Amino acid sequence: GNTMSNNLVELVNSFKTFFMKPGCLLAIAFMLLYRLPEGFLIKLCQPFLVHSLEEGGLGLSTELVGTVYGVFGVIALLLGGILGGVYSSRVGLKKSLWVMAGFMTLPCLTFVYLAMAQPSNVVIITIALCIEQFGYGFGFTAYMLFLLYYSQGEQQTSHYAFCTAFMALSMMLPGAVAGELQEAVGYFHFFLIVMACCLVTVGVTALLKIDPEFGKKEHHGNQA
């Protein structure tokens with residue numbers, strides 16, 4: 001049918017224009033690497049919490065982990081997201097990206113601490129996991145803003161769809177090797193490696209060129 005071929009032409013065209021945008025490779029590198037530490041961590045934070053102390057874990061019950069993440073974690077994540085939104089609309093994407101890349105290292109730091117100290121105090125563990133979730137919520141805001149920033153233009157919708165595909169990929173790739181890596185080196189060294197991956201996050205953030213005004217909201221509430 002004619003619509004079918006039209007759609008295909010449209011798809012090929014949006015594909016082409018996506019990859020012809022200025023700074024495309026850097027943008028894709030950013031999309032794939034910004035959440036690299038998170039992609040590793042997400043796979044193993046739960047197993048780490050329930051694995052026994054001998055295995056390098058914290059030996060918590062599954063119920064406790066569920067409660068901490070399900071109640072306190074969710075609140076911290078939402079808070080991070082809301083504050084991230086407020087902050088980025090004040091200072092714009094360019095400035096907030098830096099701060100948010102920094103916040104993405106918080107989860108790594110908390111897990112390095114937890115693996116090293118193996119605390120049994122539930123309050124300490126809960127605070128650590130709240131910091132982790134807050135870091136994600138806050139750090140993720142800039143990532144989503146960047147996807148919008150990069151998608152700007154005539155084919156915004158299809159370009160944004162490509163961006164979200166890269167985002168999904170960025171979580172899948174580290175997730176696929178995380179388990180094997182952890183088994184090879186143990187939790188503490190695994191979290192140290194993930195901590196080193198934060199340098200990658202900061203690195204790709206540093207290379208991006210972004211219009212300083214993008215994402216800022218005017219005082220009367222309209223987009224600048």
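Everything quoted here is computed from the prediction, not taken from an experiment.

Here we take up the overall build of the chain. Along the backbone of the chain there are 7 helices and 0 strands. By principal-axis analysis of the C-alpha atoms, the chain measures approximately 60 × 45 × 30 Å. Looking at the chain as a whole, 43% of its 224 residues are labelled buried. Within the chain, residue pairs in contact and separated by at least 24 positions form 79% of the contacts whose partners lie at least 6 positions apart. Taken as a whole, the chain presents about 11,600 Å² of accessible surface, with 69% of it coming from carbon and sulfur. Averaged over its 10 positive side-chain charges, the chain has a centre that lies 15 Å from the centre of its 12 negative ones.

A few words now on the nonpolar core. Membership of the largest hydrophobic core comes to 59 residues, with the highest contact counts inside it found for M31, Y34, F48, L93, F111, F146 and F191. Counting only elements with at least two residues in this core, the list comes to helix 2 (24-33), helix 3 (36-50), helix 4 (62-103), helix 5 (105-117), helix 6 (122-151) and helix 7 (156-207). It is helix 6 that provides the largest number of residues to this core, a total of 14 residues. Leaving out residues up to four positions away in the same chain, L93 has contacts with S88, A142, L145, F146, Y149, I210, F214 and G215.

Across all of its chains, the model carries 0 disulfides by this definition. Looking at the unpaired C24, the closest cysteine sulfur is the one in C163, lying at 9.5 Å. For C24, a relative accessible area of 7% translates into the label buried. C108 supplies the cysteine sulfur nearest to C45, a cysteine that is in no disulfide, at a spacing of 11 Å. A relative accessible area of 5% means that C45 is categorised as buried.

Even without being glycine, Q118 reaches a positive phi, approximately 40°. If you trace the backbone, Q118 turns up in the loop between helix 5 and helix 6.

As a further point, take a nonpolar patch on the surface. A contiguous nonpolar surface patch, about 430 Å² in accessible area, is contributed by V71, F72, I75, L79 and L83. Residue F72 is classed as partly exposed on the basis of its relative accessible area of 42%.

Okay, the pattern of salt bridges next. Within this structure, the stated rule accounts for 2 salt bridges. A salt bridge links E38 to R35; the nearest nitrogen and oxygen atoms lie 2.9 Å apart. The class for R35 is buried, based on a relative accessible area of 10%. Here K216 ties to E213 by a salt bridge, and the two come within 3.5 Å at their closest N and O atoms.

All buried positions along helix 2 are accounted for by C24, A27, I28, F30 and M31. Down the axis, helix 2 shows its buried residues gathered within 155° of arc, on one side only. Contacts from the buried residues of helix 2 go to helix 1 (2-20), helix 4, helix 6 and helix 7.

Right, let's talk about the environment of F190 for a bit. Along the chain, F190 falls in helix 7. Taking the C-alpha atoms as reference, F190 lies 23 Å from A29; in sequence the two are 161 residues apart. Those residues in contact with F190 that lie beyond four places of it in its chain are F40, L44, A178, L181, Q182 and V185.

Predicted confidence across the chain gives a mean pLDDT of 91, with 96% of residues reaching 70 or more. Across residues 219-224, confidence stays below pLDDT 50; counting only partners more than four residues off in sequence or on other chains, it has 6 contacts.

Positionally, S151 belongs in helix 6. For S151, a relative accessible area of 0% puts it in the buried group. In this structure the side chain of S151 is engaged in a polar contact, spanning 3.4 Å, whose partner is the backbone nitrogen of Y160. With sequence-adjacent residues up to four places away left out, S151 is seen in contact with K21, Q156, H159, Y160 and C163.

Criteria and thresholds
- Residues numbered from 1 in each chain as written.
- Predicted model: local features only at pLDDT ≥ 70, side-chain atom pairs only at ≥ 80, totals over all residues.
- Heavy atoms only, no water.
- Helix = DSSP H or I, 4+ residues; strand = E, 2+ residues; numbered from the N terminus.
- Buried < 20%, exposed > 50% of the residue type's maximum accessible area, 1.4 Å probe, protein only.
- Contact = heavy atoms within 4.5 Å.
- Areas by Shrake-Rupley, 256 points an atom, 1.4 Å probe, with all protein chains shown as cover.
- Lys, Arg positive; Asp, Glu negative; His and termini not counted.
- Charge placed at Lys NZ, Arg CZ, Asp CG, Glu CD.
- Core = buried A, V, L, I, M, F, W, Y, C linked by side-chain atoms within 4.5 Å.
- Disulfide = S-S within 2.5 Å.
- Patch = residues over 30% accessible without salt bridge, like charges linked within 9 Å, V, L, I, M, F, W, Y side chains within 5 Å.
- Salt bridge = Lys/Arg side-chain N within 4 Å of Asp/Glu carboxyl O.
- Arc of directions from axis to C-beta.
- pLDDT = per-residue confidence, 0-100.
- Polar contact = N/O pair within 3.5 Å; in protein donor to acceptor, adjacent residues only side chain to side chain.

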